[in-house]
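# Notes for the structure review
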Amino acid sequence: DKAPLSKSLLLVPSALSILLTLLFQHYQKFFAYNLQAVKEDLQIWRLVCGRTICLDLKDTFCSTLLIYNFRIFERRYGSRKFSSFLLGAWMLSALFDLLLVEITQYIFGITINSLPSGFLGPVFALFVPFYSSIPRVQVTQVLGHFSITNKSLVYILGLQLLTSGSYIWILALSGLISGICYNSSMLKVHRILCVPRWVAKLFSWTLEPVFSSAEPTNEVRVGMGATVDIQRQQRMELLDRQIMMSQVAQMRRQRQQQGGMINWNRLFPPLRHRHNANYQDHPSEQGMPPPTEVSEEQVARLMEMGFSRGDALEALRASNNDLNVATNFLLQH
């Protein structure tokens, strides 16, 4: 729900990949990522066809699971910004693919005529915002030393995709470089490679109704905002919070079974019993010590997770600016 672009990337390329593998194998040559044909015969169309549909079902399966996990970015930033990131990463990674192939041939003397096909560059590029913006929450430990977090499965899928082909590391490296370039505030790539507003509206009118899902009936009702943008933001914050709460559910159950569950209510006052409904911070002034100075960067990170500014401020003050403790407290209340 609320991720039509991710849903279309799940269904359409996967269906075409299965059809090309099982029924229309004689058409696979048109979707091969043949760099030699691009450079020598100037078949530029292969950059489009060869970098869209996977011809290996293992790559299709792994990339589909990764797109499903990365749907949180479309819910958080909106379909237009998410599609702009994918478009920018797709175009930049095509350029870096050619550069890395030439560098490999110049340094190691290895001639690479073709690369694995599929929408792989943008998928690897999404690991950049995933690493930088999604908080790391420990779920359990293996052998007492190796931590398993809510992000471990995604990294394992990325490693599986990385080892599925001989030259797929070139696609992975070009994707990571393009993701870093697009996220860089110094290069300003996001201002150049972006989806125009009229194109976003056109696809919103035509394709979004096809790939949109019905709103869950068991979803918790949220307060109605004053404008449509505020209502949409409230819904996105609720979805993000539900996703992150489900990610730490296993950790909470394990702590309860071990008898080591911390009673947060004894340490911090409940955050949901405030009288102000507009998410403003009004701490009581009677018998309260001076408020602790909090880091605006940590407040911003908690707000990116979907929490209000008032909740983020109170949780950071109560936890003495410990971001992990504040995150766990907000997710459990």
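Residues numbered from 1 in each chain as written. Predicted model: local features only at pLDDT ≥ 70, side-chain atom pairs only at ≥ 80, totals over all residues. Heavy atoms only, no water.

On to the overall build of the protein, then. Within the protein, the regular secondary structure consists of 19 helices and four strands. By residue count, 41% of the 333 residues in the protein fall in the buried class. Counting only contacts in the protein whose residues sit at least 6 apart along the sequence, the fraction spanning at least 24 positions is 72%. Accessible area for the protein stands at about 19400 Å²; split by element, carbon and sulfur atoms hold 61% of it. (Helix = DSSP H or I, 4+ residues; strand = E, 2+ residues; numbered from the N terminus. Buried < 20%, exposed > 50% of the residue type's maximum accessible area, 1.4 Å probe, protein only. Contact = heavy atoms within 4.5 Å. Areas by Shrake-Rupley, 256 points an atom, 1.4 Å probe, with all protein chains shown as cover.)

What follows is about the side chain of Ser-83. You can see Ser-83 is positioned in helix 6 (residues 79-108). Ignoring any residue separated from it by four or fewer positions in sequence, one finds Ser-83 in contact with Leu-5 and Val-195.

If you check UniProt for "transmembrane region" (unreviewed entry), the listed places come out as residues 6-24, 85-108, 114-132 and 153-177 in our numbering. The span residues 114-132 carries 63% helix and 11% strand; its end-to-end C-alpha distance comes to 32 Å. For residues 153-177, the helix share is 80%, the strand share is 0%, and the end-to-end C-alpha distance is 22 Å. (UniProt positions renumbered as here; feature names shortened; annotations may be inferred.)

Here helix 10 (residues 168-183) spans 23 Å end to end across 16 residues, near enough to the 22 Å set by a 1.5 Å rise per residue. Where helix 10 is concerned, the buried positions are Ile-168, Ile-170, Leu-171, Ala-172, Ser-174, Gly-175, Ser-178, Gly-179, Cys-181 and Tyr-182. (Expected span 1.5 Å × (residues − 1).)

This part covers the packing of helix 6 against helix 10. Orientation of helix 6 relative to helix 10, taken along the N-to-C sense of each, is 130°, at an axis distance of 7 Å. When the axis of helix 6 is compared with that of helix 10, the two are oblique. Handedness of the crossing formed by helix 6 with helix 10: right-handed. Where helix 6 approaches helix 10, its residues Ser-84, Phe-85, Gly-88, Ala-89, Leu-92, Ser-93, Phe-96, Asp-97, Leu-100, Val-101 and Thr-104 are matched on the opposing element by Trp-169, Ile-170, Leu-171, Leu-173, Ser-174, Gly-175, Ile-177, Ser-178, Gly-179, Cys-181, Tyr-182 and Asn-183. Its residues placed into classes, the contact of helix 6 with helix 10 shows 13 nonpolar, nine polar and one charged. (Axes fitted to C-alpha atoms, helices over the stretch in contact; angles between N-to-C directions. Parallel < 35°, antiparallel > 145°, perpendicular 65-115°, else oblique. Left-handed = near helix turned anticlockwise from the far one by under 90°. Nonpolar A, V, L, I, M, F, W, Y, C, P; charged D, E, K, R; others polar.)

When you line up the elements, Phe-119 lands in the loop between strand 2 (114-115) and helix 7 (120-125). Phe-119 sits in the buried class, given a relative accessible area of 18%. A C-alpha to C-alpha distance of 7.9 Å links Phe-119 and Ser-63, two positions 56 residues apart in sequence. Sequence-distant contacts of Phe-119, that is, excluding residues within four places in its chain, are made with Leu-9, Arg-51, Thr-52, Cys-54, Leu-86 and Trp-90.

Right, let's talk about the nonpolar core for a bit. Counting 44 residues, the largest nonpolar core has Leu-66, Phe-70, Phe-73, Leu-115 and Leu-161 as its most contacted members. Those residues within four positions of Leu-161 in sequence are excluded, and the remaining contacts are Asp-59, Cys-62, Leu-66, Leu-120, Val-123, Phe-124 and Ile-168. Leu-302, Met-305, Phe-307 and Leu-323 belong to the second-largest nonpolar core, a separate cluster that totals 13 residues. (Core = buried A, V, L, I, M, F, W, Y, C linked by side-chain atoms within 4.5 Å.)

Moving on, we come to helix 18 (residues 309-318). Across the 10 residues of helix 18, seven count as buried, placing the element largely inside the fold. Those residues of helix 18 that fall on the buried side of the exposure criterion are Gly-310, Asp-311, Ala-312, Leu-313, Glu-314, Ala-315 and Leu-316. Asn-320, located one to two residues past helix 18, shows a positive phi value of around 60°.

Turning our eyes to something else, we now look at the environment of Leu-302. Tracing the backbone through its elements, the reader meets Leu-302 in helix 17 (residues 296-304). The spatial distance from the C-alpha of Leu-302 to the C-alpha of Pro-135 is 9.0 Å, given a sequence separation of 167 residues. Setting aside its immediate chain neighbours within four residues, Leu-302 contacts Phe-307, Ala-312, Leu-316, Leu-323, Ala-326, Thr-327 and Leu-330.

For any pair of aromatic rings, the description rests on two quantities: the centre-to-centre distance and the angle between the ring planes. All chains considered together, the criterion is met by 11 aromatic pairs. Geometrically, the ring pair formed by Phe-127 and Phe-130 is edge-to-face, given 6.5 Å between the ring centres and 85° between the ring planes. Remark: Phe-130 and Phe-127 occur in helix 8 (residues 127-133); sequence separation between them is three residues, near one turn of the helix. The exposure classification of Phe-127 matches that of Phe-130, with both residues buried. Taken together, a centroid distance of 6.2 Å and an interplanar angle of 20° make the contact between Phe-127 and Tyr-155 stacked. One end of the pair, Phe-127, is in helix 8; the other, Tyr-155, is in helix 9 (residues 152-162), and 28 residues separate them in sequence. We classify Phe-127 as buried; its relative accessible area is 11%. Put simply, the rings of Phe-70, Phe-73, Tyr-77, Phe-124, Phe-127, Phe-130 and Tyr-155 pair up and form one aromatic cluster. Between Arg-71 and the ring centre of Tyr-68, over which it is positioned, the NZ or CZ distance is 4.0 Å. (Phe/Tyr/Trp six-rings, centres within 6.5 Å; stacked < 30°, edge-to-face > 60°. Lys NZ or Arg CZ within 6 Å of the ring centre and 35° of its normal.)

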